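Here's the letter readout for the chains.
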Amino acid sequence: MHRRLIIIGSGPAGYTAAIYSARANLEPLVIAGSQSGGQLMITSEVENYPGFPEGIQGPELMERFRKQAERFGAQILDEDVTKVDFSSRPFRIFTEREEHSADAVIVATGASAKWLGLPSELRLRGKGVSACATCDAFFFRGKDVVVVGGGDTAMEEALFLTKFANHVTVVHRRDRLRASKIMQEKAQSNTKISFLWNHVVDEVLGSNQVEGVIVRNVLDGKTSEIKCQGLFVAIGHEPATSLFRGQLEIDERGYIKVMDGTKTNVSGVFVAGDVHDYKYRQAVTAAGFGCQAALDAEKYLEEYSPESSGMLKITARKESLDKISESQTH
Ligand SMILES: Cc1cc2nc3c(=O)[nH]c(=O)nc-3n(C[C@H](O)[C@H](O)[C@H](O)COP(=O)(O)OP(=O)(O)OC[C@H]3O[C@@H](n4cnc5c(N)ncnc54)[C@H](O)[C@@H]3O)c2cc1C
C-alpha cells in the first residue's frame, strides 16, 4: 500500500507528527510498534506535561495522543517495522506481514533507558525506581536517594536531585568517574552528594516502595545496605536505531544525525524525538520535534512530484551512499 507519509513510532513524537500531518490531509500511516505508546506507557504519574494541572497517568496521556491522531484520520498499525529501504523512491518499509511504500517518512522510534536488570528493580519501577530525574526528582523532596552511574548523565541526575532530595549517594562500579571534568567538579563539590566507589547495586529493597538498596563491593565481594527512598538508574540510553544502520547517518552514540531542522541525510526522511535527541529527552520536547517533522514533511511533499522520482531516486541513492561512505571514512 502506498502512502504519502509513513510515521514509524508511536510515542509523543510519532503521535504528534500524526496529528499535524493528518490535519494537513496527508493521511499518514503510523506504524506504531508492537508496544505502542512509547516510554510513557511504563510510567505512572506525569506531572510536567502542560495542560494537565493535576497530572496524568502516562498510559492515559498516550491513549489521548492516539485518539487525537485517529480523530483526524491517521491510520495506526500496531506492528514493528522489521526493515526499511531508503535507497530509492518511493521509500519502502517492511513489517512481518506486509510491505509499505511512502514518499516521505518520519522516524520516531525513540529510545529506552538502560536498566540494571534486577527483578527487584523491575518490580519497584515507578515506586521509587526511576531513570529520569527531570521527570521524577520532584517526588523525592527531603528524601535520600541513590544514583547509579559514573558518566555525565549520572552527574546531571545527581546534581538535579540535590534541588529536592536530602542526600544523594552516587554508586559507581569503578574508582573514578567517566563524566567530563567540569561535571565531576560540580558533583564532587556539592555537599549533598557523596560517592561510593567500586560498588554495584545487587538488590532494591521494599515491597511497595523503595526502602533501600543492597550494594556489593566489587573488590572484596562484601555487601552492605543503604537506606534510601529512591533509586535513579543513570547508566545510559539505547536509541532504537539498529533498523536504520546503513540507511541513515548515525552518530557515534548511536543516535540519528540531524542535518537541518528535522532532516536526515536522506531527503524526504525526517526524524523526531528521543531517537535523535540525547539532550532533552522529555515528552514535551519529543512532541515538539514531532510537530516540526510533520511541518517539514508537509513542505517537502508540497514540492515533491512522483513524476520526478526517477531523478530523485538516483539523487537519493547517491546522497545517501555519499554521506554514509563519508561518515565511515571520518
Ligand atoms: C520511566 C520513564 C518515565 C518518564 N517520565 C517522564 C515524565 O514524567 N515527563 C516527561 O516529559 N518525560 C518523561 N519520560 C521521558 C519520555 O517518556 C520520553 O522523552 C518520550 O517518551 C520520548 O518520546 P518519543 O516519541 O521520542 O519516543 P518513545 O516514547 O520512546 O516512543 C518510541 C516509539 O517507537 C516505537 N518503535 C520503536 N522501534 C520500532 C519499530 N521497529 N517499529 C515500529 N515502532 C517502533 C516504540 O514502540 C514506541 O512506540 C519518562 C521516561 C521513562 C522511561
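Residues numbered from 1 in each chain as written. Predicted model: local features only at pLDDT ≥ 70, side-chain atom pairs only at ≥ 80, totals over all residues. Heavy atoms only, no water.

Participant: I keep staring at helix α5 (residues 152-161) and nothing clicks. Help me out?
Facilitator: Every α-helical turn comprises 3.6 residues, leaving residues that sit three or four positions apart pointing alike. Listing the buried residues of α5 in full gives Ala154, Met155, Glu157, Ala158, Leu159 and Leu161. Buried-residue contacts for α5 involve α4 (133-136), β11 (144-148), β12 (167-171), α6 (181-188), β13 (193-196) and β17 (230-233). (Buried < 20%, exposed > 50% of the residue type's maximum accessible area, 1.4 Å probe, protein only. Helix = DSSP H or I, 4+ residues; strand = E, 2+ residues; numbered from the N terminus. Contact = heavy atoms within 4.5 Å.)

Participant: Whenever I open this one, the pattern of salt bridges confuses me. Can you help?
Facilitator: Any two side chains of opposite charge can pair, so long as their charged atoms come close to each other. In this structure the tally under the stated criterion is 13 salt bridges. Taking the shortest distance from any N to any O, the salt bridge between Glu249 and Lys257 comes out at 3.4 Å. A salt bridge links Lys263 to Asp260, with the nearest nitrogen and oxygen atoms 3.7 Å apart. For Asp260, a relative accessible area of 48% translates into the label partly exposed. Each of Arg66, Glu70 and Asp78 takes part in one network of salt bridges that share partners. (Salt bridge = Lys/Arg side-chain N within 4 Å of Asp/Glu carboxyl O.)

Participant: So what exactly am I meant to see when it comes to the packing of aromatic side chains here?
Facilitator: To describe a pair of aromatic rings, you give the distance between the ring centres and the angle between the ring planes. With the rule as written, the count across this model stands at 11 aromatic pairs. Both rings, one in Tyr49 and one in Phe52, keep their centres 6.4 Å apart while their planes meet at 45°; by these two values the pair is tilted. Like Phe52, Tyr49 is buried. Ring-pair connections join several aromatic residues into one group, and the members of that group are Tyr49, Phe52 and Phe65. Lying across the ring of Phe72, Arg23 places its NZ or CZ 5.2 Å from the centre. The ring of Tyr278 is capped by Arg253, whose NZ or CZ atom sits 3.8 Å from the centre of that ring. (Phe/Tyr/Trp six-rings, centres within 6.5 Å; stacked < 30°, edge-to-face > 60°. Lys NZ or Arg CZ within 6 Å of the ring centre and 35° of its normal.)

Participant: When you look at the environment of Thr153 in this model, what are you seeing that I'm missing?
Facilitator: Of note, Thr153 is situated in helix α5. Judged by relative accessible area, Thr153 falls into the partly exposed class, the value being 27%. Note: C-alpha distance between Thr153 and Val105 (48 residues apart in sequence) is 31 Å. For Thr153, the residues in contact, after removing those within four places along its chain, are Ala234 and Arg281.

Participant: Hey, could you run me through the site of the ligand in this one?
Facilitator: Contacts to the ligand come from 32 residues, most closely from Ser10, Asn48, Val81, Asp274 and Ala283. Ser10 is positioned with one of its side-chain polar atoms (N or O) 2.9 Å from an oxygen atom of the ligand. With respect to the ligand, the backbone of Ala108 contributes an N or O atom lying 3.4 Å from an oxygen atom. Protein burial of the ligand: of its 1000 Å² of free accessible surface, 91% is covered by the chains. When contributions to the shell around the ligand are tallied by element, the ones reaching two or more residues are α1 (12-23) and α7 (283-303). Taken together, the residues of the shell around the ligand sort by class into 14 nonpolar, 14 polar and four charged. (Near = heavy atom within 4 Å. Polar contact = N/O pair within 3.5 Å; in protein donor to acceptor, adjacent residues only side chain to side chain. Areas by Shrake-Rupley, 256 points an atom, 1.4 Å probe, with all protein chains shown as cover. Nonpolar A, V, L, I, M, F, W, Y, C, P; charged D, E, K, R; others polar.)

Participant: Would you take a moment to explain the domain arrangement of the protein chain for this structure?
Facilitator: Taken domain by domain, the protein chain comprises domain 1 (2-113 + 237-329) and domain 2 (119-233). On a C-alpha basis, the centres of domain 1 and domain 2 stand 33 Å from each other. Taken together, the contact pairs nine residues of domain 1 with nine residues of domain 2. Ranking the residues of domain 1 by area buried against domain 2 places Ile42, Glu47 and Gln282 at the top, with a combined share of 47%. Where domain 1 meets domain 2, there are zero salt bridges. Between the two partners, domain 1 and domain 2, sit zero residue pairs in polar contact (both at pLDDT 80 or more). Class assignment of the residues belonging to the side of domain 1 that touches domain 2 gives a composition of two nonpolar, four polar and three charged. (Domains from an automatic or database assignment. Buried area = accessible area lost by both parts, 1.4 Å probe.)

Participant: Can you walk me through α7 in this structure?
Facilitator: With 21 residues, α7 ought to run about 30 Å at 1.5 Å a step, and its terminal C-alpha atoms sit 31 Å apart, in line with that. Within α7 the residues assigned to the buried category are Ala283, Ala286, Ala287, Phe289, Gly290, Cys291, Ala293, Ala294, Ala297, Tyr300 and Leu301. (Expected span 1.5 Å × (residues − 1).)

Participant: Explain the layout of surface pockets here, please?
Facilitator: One water molecule sets the probe size; rolling that probe over the atoms shows where empty space is left. In this structure, the second largest pocket encloses a volume near 250 Å³. Along the walls of the second largest pocket sit 13 residues, with Thr16, Ile19, Tyr20, Phe65 and Gln68 positioned nearest its centre. Elements with a contribution of two residues or more to the lining of the second largest pocket: α1, α2 (58-71) and α7. Class assignment of the residues belonging to the lining of the second largest pocket gives a composition of eight nonpolar, two polar and three charged. (1 Å grid on protein atoms, 1.4 Å probe; cavity = no way out; pocket = protein on both sides within 12 Å on 5 of 7 lines; lining within 4 Å. Points joined across faces, edges and corners; volume = space filled by probe spheres on them.)

Participant: Just to check I follow, could you spell out the environment of Leu196 for this structure?
Facilitator: Mapping Leu196 onto the fold places it in strand β13. Its relative accessible area of 24% is what places Leu196 among the partly exposed residues. As a C-alpha pair, Leu196 and Arg173 span 23 residues in sequence and 8.5 Å in three-dimensional space.

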